[in-house]
Amino acid sequence: MPCPESSASGWRSVSNTAPSAVLSDSRPRRQRGRDPFLWLAVASSAVIVAFILVPLVEMMTQPTLVSLKETLMDRDVVRSIRLSIVTSSSAALIALVFGTPLAYLLARRQFPGKKILESVIDLPIMIPHPVVGIALLSIAGRNHPIGRVMQSVGIEVMGTVTGLIAVLTFVGLPFYINTVKAGFEEISPRLEHVSRSLGASAGGTFFRVTLPLAWRHMVVGAIMCTARAVSEFGAVVIVAYHPMTAPVMIYERFTAYGLKYSQPVAVWLILVCLVLFLLLRIFSLKPKAAS
Amino acid sequence: MIRIEQLSVRLPGFSLGPVDLCVEEGEFFCLLGPTGSGKTLILESVVGLVRVSHGRIMVSERDVTGLPPERRGVGIVYQDCALFPHLSVEKNIHYGLRYHNGVNSDGHDRCRHLVDSLGLARLLNRSVTTLSGGEKQRVALARALATAPSVLLLDEPLAALDPCFREEIRDLFRSLHRETGITVLMVTHDFTDAHTLAQRVAILHDGHIEQTGSAETVFRKPATTFVADFVGMQNVLPARVESGILIVDGLNLALPTGNGHHRFAAIRPEHVHILPKSNDTGEEGIPGRIRSIVNQGLFAELAVETCGVTIKAVMLTSSLMEKGLRQGGQVFLCIDPADVHLIQR
């Protein structure tokens with residue numbers, strides 16, 4: 001007796017739920033087009049995108065091809081862009097060498113004061129940029145023991161490429177460390193555990209397992225660090241007005257000759273940044289495609 | 001052989017031990033317990049991945065407590081296999097050879113034998129990301145055994161597998177253990193895995209071992225109410241002793257066994273027999289009323305209310321239909337005193 005009853009109710013429940021499931025699938029699709037919230041979101045997104053793109057496109061299209069060519073022929077401009085790229089890449093390289101172990105420690109270890117250390121690493125993002133320059137100069141001067149040691153071994157910060165690299169490393173480090181830390185966190189610690197159990201030392205495990213899985217994040221981190229450093233002005237102008245990096249040159253041309261003369265240099269700098277951005281997208285998109 | 005003596009691990013919010021455990025040479029031992037009981041922590045202590053607060057761990061008569069993982073000679077296979085995603089199947093299996101003088105013919109011969117016996121020959125050049133769950137487990141097993149470890153640790157290796165692969169990998173573990181004679185310590189929360197594979201088991205609860213013994217003993221004669229519950233006793237009832245006879249509270253089920261120390265009576269649900277109450281059968285057991293029936297397909301779970309106590313029973317669905325048992329129906333419960341197990345705590 002219980003058997004026919006239960007099977008009958010079973011049939012009933014199936015036949016009842018099937019049409020409602022179809023309705024629940026199709027209704028939102030039809031409603032989606034009329035949803036005012038969606039249109040509000042689209043409209044505000046369009047405003048934001050326009051806010052970013054319109055000034056940039058306007059500036060990119062203002063200079064004539066002739067003026068762009070002339071600017072590229074200007075040795076000072078080429079030198080400043082080259083200096084920007086070289087110093088920023090050096091900053092990224094330093095961040096890679098010294099920031100990778102720190103990022104690994106932060107991703108893998110729990111220790112007292114970890115949150116404070118993470119906040120310290122983020123400080124360069126929050127501090128006003130001229131303050132960064134002033135802070136670095138204050139330890140590099142003769143009044144500070146570190147400054148005296150540096151000068152005794154011939155390291156000058158004020159107005160030198162060394163000073164530029166130091167200040168760019170300072171502002172770019174958080175971008176590198178946070179990106180690489182996130183990369184290490186994505187790798188299961190179990191892979192490292194298994195590697196250790198198979199006989200590899202901690203160092204061997206890092207180079208045979210962790211590094212091959214995290215290198216893409218390291219490249220992305222280095223590109224982000226470079227991009228951040230290329231665009232730095234506030235800290236650079238305090239530490240080294242000369243030799244002139246591209247942002248300082250743009251500023252100088254703007255204040256001395258006006259908008260028209262600063263725009264072509266800005267266009268070339270933007271093109272350099274676009275190449276960096278393109279590289280960033282290529283390296284950051286690959287893992288998604290693989291997954 | 002693995003011998004764990006007075007092992008304690010203190011972590012923020014959890015404390016393991018002190019735990020004493022001995023896995024004999026060539027034994028297949030299962031560590032059972034619910035999630036969060038500290039099973040994996042014991043395993044990781046043996047591998048050397050967690051800092052031990054107190055105690056000693058011996059692997060093959062060697063004190064490994066202070067040694068780093070790479071010097072312990074302990075292989076591990078995780079539930080998610082933890083295969084190196086950037087390496088091919090072959091490179092995964094060969095990963096540890098260079099650290100064990102395995103680059104010579106001995107290691108390669110062992111790998112070749114493992115690849116053949118685990119049926120991995122056609123997968124060698126594949127990326128591990130394209131393998132099925134069962135294939136991944138076999139690769140992880142081959143990788144762990146390639147370095148000829150003294151002991152093999154398995155961390156819930158069957159938990160994430162589909163039922164069809166589960167049976168296959170279970171058979172594989174059984175045959176590999178028989179063939180290699182390696183000491184195995186497996187962690188699981190599934191008693192079926194332990195029952196089919198292990199020679200002995202230990203039940204872990206809240207960082208402490210509740211009972212150690214053969215799977216059959218633990219299954220039939222749990223030492224504590226927690227173990228009884230864990231192995232699916234379902235009916236763990238408070239009991240008391242009066243004039244040498246054990247009275248199960250409310251039921252007045254008098255049993256000529258027990259002493260003053262027993263405080264609980266445990267009955268497996270399959271040992272509770274239910275008969276329909278009909279005019280011609282007369283009084284055949286404890287009268288009760290079916291409170292609920294949960295149809296599980298092949299089996300049905302019944303909850304029968306009697307004298308203020310709810311007794312759980314399991315029976316074949318076909319038998320349930322044959323007897324015409326329905327929710328709310330009056331029935332008789334029959335329990336053989338030999339099937340009642342007495343527990344002290």
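## Things to note about the interface of chain B and chain A
Logical step 1: On the side of chain A, 21 residues touch chain B, which itself brings 28 residues to the contact.
Logical step 2: Here chain B and chain A share an interface that buries about 2200 Å² over both sides, 62% of which is from carbon and sulfur atoms.
Logical step 3: Contact with chain A buries area across many residues of chain B, yet B:Glu70, B:His86 and B:Tyr95 alone supply 27% of it, more than any other trio.
Logical step 4: Joining chain B to chain A, the criterion identifies three salt bridges.
Logical step 5: B:Asp155 serves as the salt-bridge partner of A:Arg190, at 3.5 Å between the closest nitrogen and oxygen.
Logical step 6: Here chain B is connected to chain A by seven residue pairs in polar contact (both at pLDDT 80 or more).
Logical step 7: At the level of secondary structure, the elements contributing two or more residues to the side of chain B that touches chain A comprise helix 1 (39-47), strand 6 (74-77) and helix 4 (133-146) of chain B.
Logical step 8: Of the residues that constitute the side of chain B that touches chain A, the class distribution is 16 nonpolar, five polar and seven charged.

## Brief notes about the sheet that holds strand 4 (residues 54-59) of chain B
Residues and elements named next belong to chain B.
Logical step 1: Spatially, four strands are ordered 2-1-4-5 in an open sheet, and the strand pairing comes out antiparallel. Single-partner strands in this sheet number two, and they are strand 2 (14-23) and strand 5 (62-63).
Logical step 2: Packed on one face of the sheet, helix 1 meets strand 1 (2-11), strand 2 and strand 4 and runs near 115 degrees to strand 1.

## Regarding the pairing of strand 2 of chain B
Regular strands place their side chains on alternate faces of the sheet.
All names here are of chain B.
Logical step 1: Examined bridge by bridge, strand 1 and strand 2 share seven bridges and lie antiparallel to one another. Bridging across to strand 2, Ile2 finds its partner in Val23.
Logical step 2: Following strand 1, the chain reverses through two residues before pairing antiparallel with strand 2; Gly13 in that reversal takes a positive phi of roughly 85 degrees.

## Focus on the pattern of salt bridges
Close approach of charged atoms lets side chains of opposite charge pair.
Residue and element names in this part refer to chain B.
Logical step 1: Using the criterion set out here, one finds 26 salt bridges over all chains in the structure.
Logical step 2: We note a salt bridge from Arg200 to Glu27, for which the minimum N-O separation is 2.6 Å. Placement of the pair is Arg200 in strand 9 (residues 200-205) and Glu27 in the loop between strand 2 and strand 3 (28-32), with a sequence separation of 173 residues.
Logical step 3: For Arg200, a relative accessible area of 23% translates into the label partly exposed.
Logical step 4: Look at Glu27 and you get buried, because its relative accessible area is 8%.
Logical step 5: The residue Glu216 makes a salt bridge to Arg220 at a minimum N-O spacing of 3.0 Å. One end of the pair is Glu216 and the other is Arg220, both in helix 7 (residues 215-220) and four residues apart, which spans about a single turn.
Logical step 6: Here Arg220 falls in the partly exposed class, since its relative accessible area comes to 38%.

## So, the side chain of B:Gln137
Residue and element names in this part refer to chain B.
Logical step 1: Locating Gln137 in the fold gives a position in helix 4.
Logical step 2: Judged by its relative accessible area of 2%, Gln137 falls in the buried class.
Logical step 3: A polar contact of 3.4 Å, which involves the side chain of Gln137, links it to the backbone oxygen of Gln79.
Logical step 4: For Gln137, the residues in contact, after removing those within four places along its chain, are Val77, Tyr78, Gln79, Cys81, Pro157, Leu161 and Ile169.

## Brief notes about the pairing of strand 14 (residues 264-267) of chain B
Residue and element names in this part refer to chain B.
Logical step 1: The alternating pattern of strand 14 places Phe264 and Ala266 and Ala265 and Ile267 on opposite faces, both of which are buried.
Logical step 2: Summarising the sheet, strand 11 (residues 235-242) and strand 14 pair through four bridges and their orientation is antiparallel. Its bridge partner lying in strand 14, Val236 is registered against Ala266.
Logical step 3: In this sheet, strand 20 (residues 340-343) lies alongside strand 14 in antiparallel orientation, the contact comprising four bridges. Bridge pairing in strand 20 links Phe264 to Ile343.

## So, the environment of A:Phe233
Residue and element names in this part refer to chain A.
Logical step 1: On the secondary structure map, Phe233 appears in the loop between helix 10 (202-230) and helix 11 (234-239).
Logical step 2: According to the relative accessible area criterion, Phe233 is partly exposed, its value standing at 25%.
Logical step 3: C-alpha of Phe233 to C-alpha of Val248: the two residues are 15 residues apart in sequence and 6.3 Å apart in space.
Logical step 4: Leave out the neighbours within four places in its chain, and Phe233 touches Pro247, Val248 and Tyr251.

## Let's talk about helix 6 (residues 129-140) of chain A
Residue and element names in this part refer to chain A.
Logical step 1: An ideal rise of 1.5 Å per residue puts 16 Å on 12 residues; helix 6 measures up with 17 Å between its terminal C-alpha atoms.
Logical step 2: Turning to helix 6, its buried residues are Val132, Gly133, Leu136 and Ala140. Buried positions in helix 6, seen along its axis, are confined to an arc of 95 degrees and lie on one side of it.
Logical step 3: Contacts from the buried residues of helix 6 go to helix 7 (145-152), helix 8 (161-186) and helix 11.

## Structural notes on empty space enclosed by the protein
All names here are of chain B.
Logical step 1: Counted under the stated rule, the structure contains one cavity of 30 Å³ or more.
Logical step 2: Roughly 50 Å³ of volume is contained in the largest cavity.
Logical step 3: Lining the largest cavity are Phe28, Leu141, Leu145, Leu152, Leu154, Phe173, Leu176, His177, Thr180, Ile182 and Val184.
Logical step 4: The element contributing the most residues to the lining of the largest cavity is helix 5 (residues 163-180), with four residues.
Logical step 5: Residue composition of the lining of the largest cavity, by class: nine nonpolar, two polar and no charged.

## Some words on the sheet that holds strand 10 (residues 208-213) of chain B
Residue and element names in this part refer to chain B.
Logical step 1: Reading across the sheet, the six strands line up as 6-7-8-3-9-10 and stay open at both edges, with mixed pairing between neighbours. Each having just a single partner strand, strand 6 and strand 10 make up the two edges of the open sheet. Sheet twist, expressed as the mean angle between neighbouring strand axes with direction ignored, is 20 degrees.
Logical step 2: Across five bridges, strand 7 (residues 151-155) lies against strand 8 (residues 183-188) in parallel orientation. Within strand 8, the residue paired with Leu153 across the bridge is Leu185.

## Overview of helix 9 (residues 189-197) of chain A
Logical step 1: Burial of helix 9 of chain A is extensive: seven of the nine residues sit out of reach of the surface.
Logical step 2: All of the buried residues along helix 9 of chain A are A:Leu191, A:Glu192, A:His193, A:Val194, A:Ser195, A:Arg196 and A:Ser197.
Logical step 3: Buried-residue contacts for helix 9 of chain A involve helix 4 (75-108) and helix 10 of chain A together with helix 1, strand 6 and helix 4 of chain B.
Logical step 4: Looking one or two residues past helix 9 of chain A, A:Gly199 carries a phi angle of roughly 120 degrees, positive in sign.

## A short note on a nonpolar patch on the surface
Logical step 1: A cluster of nonpolar residues, A:Ile48, A:Val49, A:Phe51, A:Ile52, A:Leu53, A:Leu56 and A:Val57, forms a patch on the protein surface that exposes about 670 Å² of accessible area.
Logical step 2: Relative to the elements of secondary structure, A:Ile52 occurs in helix 2 (residues 36-61).

Procedures and definitions
Residues numbered from 1 in each chain as written. Chains lettered and ligands numbered in written order. Predicted model: local features only at pLDDT ≥ 70, side-chain atom pairs only at ≥ 80, totals over all residues. Heavy atoms only, no water. Contact = heavy atoms within 4.5 Å. Buried area = accessible area lost by both parts, 1.4 Å probe. Salt bridge = Lys/Arg side-chain N within 4 Å of Asp/Glu carboxyl O. Polar contact = N/O pair within 3.5 Å; in protein donor to acceptor, adjacent residues only side chain to side chain. Helix = DSSP H or I, 4+ residues; strand = E, 2+ residues; numbered from the N terminus. Nonpolar A, V, L, I, M, F, W, Y, C, P; charged D, E, K, R; others polar. Pairing = 2+ DSSP bridges. Axes fitted to C-alpha atoms, helices over the stretch in contact; angles between N-to-C directions. Buried < 20%, exposed > 50% of the residue type's maximum accessible area, 1.4 Å probe, protein only. Expected span 1.5 Å × (residues − 1). Arc of directions from axis to C-beta. 1 Å grid on protein atoms, 1.4 Å probe; cavity = no way out; pocket = protein on both sides within 12 Å on 5 of 7 lines; lining within 4 Å. Points joined across faces, edges and corners; volume = space filled by probe spheres on them. Patch = residues over 30% accessible without salt bridge, like charges linked within 9 Å, V, L, I, M, F, W, Y side chains within 5 Å. Areas by Shrake-Rupley, 256 points an atom, 1.4 Å probe, with all protein chains shown as cover.

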